[in-house]
Amino acid sequence: MKKSLALKILENHLLKGEIKTGNEVCIKIDQTLTQDSTGTMAYLQLEAMDIEDVKTEKSIAYIDHNILQAGFENADDHEFIKSAANKYGITFSKAGCGICHQVQLEQFGKPGKTLLGSDSHTPTGGALAQIAIGAGGLDVAVAMARGFYFIKVPKIYRINLKNELKDSVNAKDLILYILGKLSVKGGTGFIMEYTGEGVKSLSVTDRATICNMGAELGATTSIFPSDENTLKYLKSQNREKDYVMLSADDDAIYDESMEIDLRDIKPAVAKPHFPDQYEIVENLPKIKLDQVAIGSCTNSSYKDMMKVASILDGKKVHPDISLVISPGSATILEKLSENGALSKMIKAGARILESGCGPCIGMGQAPKSKGVSLRSFNRNFKGRSGTMDAEIYLASPETCAVSAIKGYIADPSNFSYEKNFDENIIFNHTKAYFIEREEDLSKRYKKTVKGPNIKPFPKAKPISNIDKKIIYKAGDGITTDDICPSNAKLLPFRSNIEYLSNFAFSTKISDFKKRAIENDGGVIVAGENYGQGSSREHAALIPLYLGVKAVLAKSFARIHRSNLINNAILPLEFVDFNDYEKLGEFDHIKISNVEYSIESGNFIIENIDKNISINLKGVFSDREKEILREGGYLNYAKNLELE
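Overview of the structure. (Residues numbered from 1 in each chain as written. Predicted model: local features only at pLDDT ≥ 70, side-chain atom pairs only at ≥ 80, totals over all residues. Heavy atoms only, no water.)

## Some words on the environment of Ala432
Mapping Ala432 onto the fold places it in the loop between helix H12 (397-406) and strand E20 (434-435). The exposed category is assigned to Ala432, whose relative accessible area is 57%. For Ala432 and Ala330, which are 102 residues apart along the polypeptide, the C-alpha to C-alpha distance reads 10 Å. (Helix = DSSP H or I, 4+ residues; strand = E, 2+ residues; numbered from the N terminus. Buried < 20%, exposed > 50% of the residue type's maximum accessible area, 1.4 Å probe, protein only.)

In C-alpha cells, the structure reads:
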C-alpha cells in the first residue's frame, strides 16, 4: 500500500497496536515541550508519578506565556518549573528566549521525530516533517515519564498545492482560506498533509504558519515533507546534521483531498469571533482600527519581521493606532537589532515587546473598550484579548503592517516593500537563556520549589452512577477560553484551580460556580465542538474541582475530550442531535448502570423532571475505559508499563 508521510512516521514509532484508521495505538515520543501556562500543572502531575528521570530524547520547559510579573505568582511558577526541570533532567528555557514553537522549530525540531507538547499549537513542528501533537499536561507528563503516548489513528487529509503564492500574499492567507473552506471543526479526526509542486515555493517558516493554525481546524496535527527547503532552513540554524529527506509515497492513498491553486489566494482576514470567519481584504469596507499587533507563534519568524520592517521603513504608524510587535525568539530579535530592522520599526512608531506570547493569550495589550484590533495571531475568540467587547480580526503580518500605517484594514497588494531576504543568513543561537539538562543525578534538586500560589491539583475519583442536575446548558463552539478564561488577570493563577474556579464559564454566565456548589456538582450540556481551542487541561480540572460528572454534547474537540477522560469526567455525545433540545437547565437527570454503559458505549439518560429517556453514546478504547474506572489517567499511569 502506498503510504502518506504521516503514516510512515507513525509506523516508525509504533510501540503497540496496529496502524489502522480509528485504532488506538501507542507511539514512542522523542521530544516534549511545555510552557508556563500549562507547565506548572504538568510538572505537579509528573511529580506525583514519582520518577527519577524523563524517558525522552529531549524535553524542554519554556517560559513564554506568563512573562508579565505584576505579582509574585508568575515568578513563583517559573521557579517551580525550573526546579522540576532540574529534578527530572529537562532543559529549561528562561523568559526572553522566545515562544516555545518558534524556538523549538529553530533549535530542536527534527524531520521524522515525534513531539508532544502541552500547547495546542505544537503542530507547528510539522513544518519540519515531524509528527507534532498538542495534548493536555497529564498526557505530556506521562510521555515524559514513560516515553510514549496513546493516540487514535487519524484519517489523512491531503491538501495538494499548485503553483506559487503571489507577491504580498502570506502563508497566513492560505491557512485562513482553508479555515474558511473547512471551518474550525473541519479537520477534526484528521492529520492535514500538504503535498504537490506548490509545497516547494513555501519556506519552512511559511509551512510553520500553516501547521500552527491547523490547530484551529481541529486537526490532530499537520505535516509537510522534508525537502531542499528543509535543508536550507536547518543549514541557516546551524543544524544541517539533523536533515533527513522525507515524503509521502507517490500515489499515496488519502481519506480526503483538496486541491488549491496558490495563485488564487488573496490577502484575507478572519473576522470576529472565530478563525474561520474568512473574508478577503478587498471585499471589506474601510474598517477603522485602534490597535495592530504583530507576532505570536503563528507569524513572528525572521522573514515575517523583515517584511514588516520593510513596510514600516520611512513610514509612520497612524496617529490613532497603537502598533505592538513581538519577535518570535531572542535569536530573531538579535538579528533584527544587528541589521537595522529594529530601528526601522521603532522610527515608525512601533512598540517592541518581549519575545513571548504576550497579547495573543491576553497577557497585556488588551484593546480599549469596544476597540478594533488587527492581529497576526491564531485565535480571535471573544474576550481572549482581555477586552470582552473588542472586535478582533486576524491577518498576515503584511496586512497588519500596511493597516497600521493606513489606519484601517488595508490590502498590502499595492504597497511597495522588500519581499525577498537573504536565504543564506546564518543564525548563531545564544545559549544564555537555557539551563541545560543536568546529567549527573547527584547534582539534581531533591525537592521542587513551591510558592504559596501553587496548590495541589484536584484528584479524580472512579466513575459512578450519576444523579445530578444540569447546571449549565451551552450552545455550539464553547472554547476552553470560555471554560477557563485566559487573560492577564487570571493567567498567573494557572497553578491554583481553586481560585480559577471562581471564573468558570464567566465569558458566558456569571454564576457557574454558585450553581455547582448549590447542586453538589452536576452535568453540563453543550452543542457542537465543545472544548475547542487551547490544550489547557484547566478546562477539565475546574469542572472536576466543582463536581461536574459528565458533559453531554453534540461533539467534542479532540484534546478536550481526552482531558475530560483523563480526569474521569464522562464525555457523552447525543445519538440524535434533536435530543439536545429536550434538556433544560436544572433538569434532574440520572445515568444508571454506568459501569455497563462504559463497556457497551450505550448510555441512557433519564430526565426525571420531564419523564423522558434519551440515548447517548460514549465510544471509549479499552484504555480509556480503564482510566474512567480507575479514576483518571494519573491513577492509571502510575504503574503503567507496556507489555
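## Focus on the nonpolar core
The nonpolar side chains of a soluble globular protein tend to be buried with one another. Residues Phe505, Phe512, Tyr530, Leu552 and Leu570 are the most contacted members of the largest nonpolar core, which totals 113 residues. Excluding residues within four positions of it along the chain, Phe505 makes contact with Tyr472, Ile478, Asp482, Ile483, Phe512, Ile524 and Tyr530. By size, the runner-up hydrophobic cluster in this structure holds 40 residues, among which are Ile287, Ile325, Tyr417 and Ile425. (Core = buried A, V, L, I, M, F, W, Y, C linked by side-chain atoms within 4.5 Å. Contact = heavy atoms within 4.5 Å.)

## Focus on the pattern of salt bridges
One pass over the full model with this rule turns up 40 salt bridges. Residue Glu57 pairs with Lys28 through a salt bridge whose shortest N-O separation is 3.5 Å. Within this pair, whereas Glu57 is found in the loop between helix H2 (36-48) and strand E4 (58-62), its partner Lys28 is found in strand E2 (residues 24-28), the two being separated by 29 residues in sequence. For Glu57, a relative accessible area of 45% corresponds to the partly exposed category. Note that Lys468 and Asp520 form a salt bridge whose closest N and O atoms lie 3.2 Å from each other. Within this pair, whereas Lys468 is found in strand E21 (residues 466-473), its partner Asp520 is found in the loop between helix H15 (512-518) and strand E22 (522-526), the two being separated by 52 residues in sequence. (Salt bridge = Lys/Arg side-chain N within 4 Å of Asp/Glu carboxyl O.)

## A closer look at helix H16 (residues 538-545)
Of all eight residues making up H16, seven are buried, and the element is well covered by its neighbours. Taken together, the buried positions of H16 are His538, Ala539, Ala540, Leu541, Ile542, Pro543 and Leu544. Residues of H16 that are buried make contact with H2, helix H13 (480-483), helix H14 (497-500), strand E23 (548-553) and helix H17 (558-566). One or two steps after H16, the chain reaches Gly547, where phi turns positive at roughly 85°.

## Quick look at the sheet that holds strand E11 (residues 221-223)
If you walk across this open sheet you meet the four strands as E11-E10-E9-E12, and the pairing is parallel. Lying at the two open borders of the sheet, with one neighbouring strand each, are E11 and strand E12 (256-261). Taken over all neighbouring pairs, the strand axes of this sheet differ in orientation by 20° on average, direction set aside. Two strands pair when backbone bridges link them, and strand E9 (residues 155-162) and strand E10 (residues 190-195) are joined in this way by six bridges, in the parallel orientation. When the bridges of E10 are listed, Lys155 appears paired with Phe190. Of the strands in this sheet, E9, E10 and E11 touch helix H1 (residues 5-12), which is tilted by about 120° from E10. (Pairing = 2+ DSSP bridges. Axes fitted to C-alpha atoms, helices over the stretch in contact; angles between N-to-C directions.)

## Overview of the sheet that holds E2
The sheet built from three strands is open, its strands ordered E1-E2-E8 with antiparallel pairing. Looking along the sheet, the strands with just one partner apiece sit at the ends: strand E1 (14-16) and strand E8 (148-152). Within this sheet the neighbouring strands show an average axis-to-axis angle of 45°, counted without direction. As defined by bridge partners, E1 adjoins E2 across two bridges and the pair is classed as antiparallel. Within E2, the position partnered with Lys16 by the bridge is Cys26.

Nothing here speaks to function; it is geometry throughout.
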